[in-house]
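Listed below are the residues making up each chain.
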Amino acid sequence: MAKQAELKYITPAGVEVPPPPHLNKAKSQYTVFHFINGFVFILVCLIILVPIWKVLIDSLDLTSGYGMKLLPTKFGLDGYVSIFTNKSLLQPLWVSIYTTVAGTFIGLLLSTMGAYVLIQWDMPGRTLFANLLLFTMIFSGGMIPSYLVMRAVHLTDNPLGPILLPAINVYNLVLMRNFFEGIPKSLFESADLDGCTPMGMFWRIALPLSKAALASIGLMFAVAYWNDYTNFKLYITNRDLYNFQMKLRDMMQSSDLPEAVGGATENTIRNACIITAILPFMILYPFLQKYFVKGINIGAVKE
Amino acid sequence: MASSTSNGTIRVGKKPLGQRMKKYWGFYLMFIPVLIFVAVFHYAPMFGIRYAFYSWKIVGDPQWVGLANFEKLFKQSQFSTSFWNTIVFSVVKLVLNTGMAVIISLLLNEMISIKFKKLSQTIIYLPHFMSWVVTASVFSLLLAPSANGLINQVLIKLHIIDEGIYYLADKGHWRTWYYIINLWRETGWQTIIFMATLTGIDPGIYEAASIDGAGRWQKMWYVTFPALGNTIITVLILNLAKIMNLFESVFVLQNDSVRRATNVLQTYVYYQTFNAGASADYGYTTAVGLFRSLVGLALMLICNWASKKVRGRGIV
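Residues numbered from 1 in each chain as written. Chains lettered and ligands numbered in written order. Predicted model: local features only at pLDDT ≥ 70, side-chain atom pairs only at ≥ 80, totals over all residues.

Engineer: I would appreciate a short explanation of the overall build of chain B in the present structure.
Structural biologist: If you tally the helices and strands in chain B, you get 14 helices and four strands. For 316 residues, the compact-globule estimate of 2.2 N^0.38 gives 20 Å, and chain B exceeds it by more than 25% at 26 Å. For chain B, the spread of C-alpha atoms along the three principal axes comes to 85 × 75 × 35 Å. Per-residue burial for chain B yields a buried fraction of 34% across its 316 residues. (Helix = DSSP H or I, 4+ residues; strand = E, 2+ residues; numbered from the N terminus. Rg over C-alpha atoms; globule rule 2.2 N^0.38 Å. Buried ≥ 20, exposed ≤ 12 C-beta atoms within 10 Å, placed from the backbone.)

See the structure below:
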């Protein structure tokens, strides 16, 4: 077949230019660069996934000496059976669940109520309130004074400590305020004329219109609570009140492991615990990813 | 008190303060829980700063020592190591993570297949949602010097090393792996903000550049990269302001053999207070904490000023 005559694109000034992108055939868009680029991303994804994959398959492998295997040789669920039949592991799991649920609820309540007050532009004292909150972002008493206060109000060795302390999150509150600012003022004004109370407007207008933001910020709280280690480490010494992260850390550092069931080895249980700690989010993540990403962009949209 | 202005709009003067406050009583009520939480968890600890001028072993009464804690602090080599570690770890980490995130974003932006792009994004965001404890656990297993450690085994097979190295127990290797682990965990998440900027670039600019004869690399260098410039500076400023907060990521990756060499200020405070038994001086560690907070405050103010210069608004 004869070589196709190439079209030439010449500007009025007589300079030859490459054809505009929309006139290129779709296939010719793929160049060597794109193949290399694709290859780079396969590599990047593998680097991210292999560590997680390795832990997952080791948690399902009942032989010792995992080495370089990337598939289990002796498949079995005994590692997980050991976790879910052992009280010393179920208790921390339960603590993680209830602190996450309670904390997320209280955190959302405080963030939305605080944010709702901060959008009342004519309210006397609004600026003072906003500055009171913002100042905590730039200065803090520090670890030891915080510990002493927590001890003084009996929130150490008390599950309420790690529930209540992270519930006031100024960053999330500001994100929520940014979102509320997007709600048309006229909605509030007409509700006010109809005799709606501030609390009524909060429940009937502000919250129902903010479902996406509530989901994003709620998820941010939930992840923070589920993953919380620092607050437990600082304020909880009673082992019965450990959450799953604390228990996992303990198990990684010592050989004081719960009794293994069946063919599970020490390392099988360790690996199974890591997977259990990330399982809830691994399952939900593909469905909720958009809300996570949105959370970051609520702040960015304002710029 | 209404007065009409020349262009026909009506300006309403402010009512007396008492009346306005009465109008908003419901809102004040709603703000009370927030105020209580902020008072207890943020402002009450600020009054505890006075212990920085006392010596206090938690039992008995605090003894006034004036500035002695600060004199002691500047003489301790452990303190200066921790201080410089805080700065170095944070800054190196920030530069590496941001640089890598920019590169990954630029490459992601060039991807043609939407499905593959979405899949890549989903995967690279993933590690951000794993707690630091989980991250540390995963890597301590991967880096184990025994026959179970994947990384050592691979390196031995490739004849790069002869026998397993306990990477996390050697201070030189520890730093390298600290940065690698941070890259692994945070690069993907940081690309979100850069991708948002990249998708906001007007495609018309690219077309114009093409017509002017710019190739792929020229477009990347002259159009995409400058567009990212402002975002990069913003990200750097925002993160620079928080570098003194470094704690959990270091804390969970430390072990006894590298602790002294890898302490940052927060971990130093923690160990001096909670792992020192009866000799723990809460006054001294409060002083270290106060020093940290003040440096943090100074950084915040500098970054706020820089942010106002660069993008016209502050960071808080």
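Structure shown, so let's carry the discussion forward.
Engineer: Could you clarify how one ought to interpret the overall build of chain A in this entry?
Structural biologist: When helices and strands are counted, chain A shows 13 helices and two strands. By the burial criterion, 39% of the 303 residues in chain A qualify as buried. Put simply, 73% of the contacts in chain A that link residues at least 6 apart link residues at least 24 apart. (Contact = placed C-beta atoms within 7 Å.)

Engineer: Mind showing me how you'd approach the confidence of the model for chain A here?
Structural biologist: Atomic detail in the predicted coordinates should be set aside for any region of low pLDDT. Mean pLDDT over chain A: 85, with 86% of residues reaching 70 or higher. This stretch, residues 1-5 of chain A, has a pLDDT under 50; its non-local contacts, to residues over four places away or in other chains, come to zero contacts. (pLDDT = per-residue confidence, 0-100.)

Engineer: Explain the nonpolar core here, please?
Structural biologist: Within soluble globular proteins, side chains that are nonpolar generally end up buried alongside one another. By size, the foremost hydrophobic cluster in this structure holds 119 residues, and its most contacted members are A:Tyr116, A:Met176, A:Cys273, A:Ile274, B:Leu143 and B:Val288. Here A:Ile274 is in contact with A:Val55, A:Leu248, B:Val134, B:Ser137 and B:Val138, once residues within four sequence places are set aside. In terms of nonpolar packing, the next biggest core, distinct from the first, is built from seven residues, B:Val102, B:Ile104, B:Leu108 and B:Phe194 among them. (Core = buried A, V, L, I, M, F, W, Y, C linked by C-beta atoms within 7 Å.)

Engineer: Would you take a moment to explain the domain arrangement of chain B for this structure?
Structural biologist: The extent of an interface is frequently quoted as the accessible surface area lost upon association of the parts. Residues and elements named next belong to chain B. Domain assignment breaks chain B into domain 1 (3-55) and domain 2 (68-311). For domain 1 and domain 2, the distance between their C-alpha centres works out to 37 Å. With seven residues of domain 1 at the interface, the matching set in domain 2 holds seven residues. Taken together, the residues of the side of domain 1 that touches domain 2 break down into five nonpolar, two polar and no charged. (Domains from an automatic or database assignment. Nonpolar A, V, L, I, M, F, W, Y, C, P; charged D, E, K, R; others polar.)

Engineer: Could you clarify how one ought to interpret the interface of chain B and chain A in this entry?
Structural biologist: Each partner contributes residues to the interface: chain B has 78 residues there, and chain A has 79 residues. For the side of chain B that touches chain A, the element with the highest residue contribution is helix α2 (residues 25-47) of chain B, accounting for 14 residues. Looking at the side of chain B that touches chain A residue by residue, the classes come out as 53 nonpolar, 19 polar and six charged.

Engineer: What's the story with helix α5 (residues 143-152) of chain A in this structure? I'm lost.
Structural biologist: Given 3.6 residues per helical turn, the α-helix brings residues three or four places apart onto the same face. α5(A) sits mainly inside the fold: eight of its 10 residues count as buried. On its buried side, α5(A) packs onto α6 (160-164) and α11 (230-235) of chain A together with α2, α13 (265-274) and α14 (282-311) of chain B. Downstream of α5(A) by one or two residues, A:His154 has phi in the positive range, about 60 degrees.

Engineer: It is not clear to me how helix α10 (residues 211-226) of chain A should be interpreted in this structure. Could you clarify?
Structural biologist: Here α10(A) is 16 residues long and its end C-alpha atoms lie 22 Å apart, about the 22 Å a rise of 1.5 Å per residue gives. All buried positions along α10(A) are accounted for by A:Ala213, A:Ser216, A:Ile217, A:Leu219, A:Met220, A:Phe221, A:Ala222, A:Val223, A:Tyr225 and A:Trp226. (Expected span 1.5 Å × (residues − 1).)

Engineer: Is there a simple way to think about the confidence of the model for chain B in this case?
Structural biologist: All names here are of chain B. In this model, chain B carries a mean pLDDT of 88, and residues with pLDDT of at least 70 account for 95%. Confidence, read as mean pLDDT per element, is least for strand β1 (residues 3-4) in chain B (44) and greatest for helix α11 (residues 248-253) (95). For residues 1-6, every residue scores under 50 in pLDDT, and the model assigns this stretch seven contacts once sequence neighbours within four places are set aside.

Engineer: Got a minute to help me understand the packing of helix α8 (residues 171-199) of chain B against helix α10 (residues 216-240) of chain B in this structure?
Structural biologist: Residue and element names in this part refer to chain B. The geometry of α8 relative to α10 is characterised by a closest axis approach of 10 Å and an angle of 145 degrees between their N-to-C directions. Every pair of crossing elements has a handedness; the one defined by α8 and α10 is right-handed. On the side of α8, the interface is formed by Ile193, Phe194, Thr197 and Leu198, while α10 contributes Thr224, Ala227, Leu228, Thr231 and Val235. The residue inventory of the contact of α8 with α10, partitioned by class, reads six nonpolar, three polar and no charged. (Axes fitted to C-alpha atoms, helices over the stretch in contact; angles between N-to-C directions. Left-handed = near helix turned anticlockwise from the far one by under 90°.)

Engineer: When you look at unusual backbone geometry in this model, what are you seeing that I'm missing?
Structural biologist: Leaving glycine aside, a negative phi is the common case for residues, and trans is the common case for peptide bonds. For A:Asp157, which is not a glycine, the phi torsion comes out positive at approximately 55 degrees. The backbone of B:His159 shows a phi angle near 60 degrees, a positive value even though the residue is not glycine.

Engineer: Can you help me understand the environment of A:Gly141 in this one?
Structural biologist: In this fold, A:Gly141 is placed in the loop between α4 (126-138) and α5. Classification of A:Gly141 by C-beta neighbours within 10 Å gives buried; the count is 25.

Engineer: So what exactly am I meant to see when it comes to the environment of B:Leu94 here?
Structural biologist: All names here are of chain B. Within the secondary structure layout, Leu94 lies in helix α4 (residues 77-109). Under the C-beta neighbour-count criterion, Leu94 is labelled partly exposed, with 19 such atoms within 10 Å. For the pair Leu94 and Leu106, spaced 12 residues apart in sequence, the C-alpha to C-alpha distance is 18 Å. When residues no more than four places from it in sequence are discounted, the contact partners of Leu94 are Leu236, Asn239 and Leu240.

Engineer: How do you make sense of the environment of B:Ala68 when you look at a structure like this?
Structural biologist: Residues and elements named next belong to chain B. If you trace the backbone, Ala68 turns up in helix α3 (residues 68-75). By the C-beta count within 10 Å, which is 16 here, Ala68 ends up partly exposed. Counting along the chain gives 14 residues from Ala68 to Tyr54, while the straight-line C-alpha distance between them is 8.5 Å.

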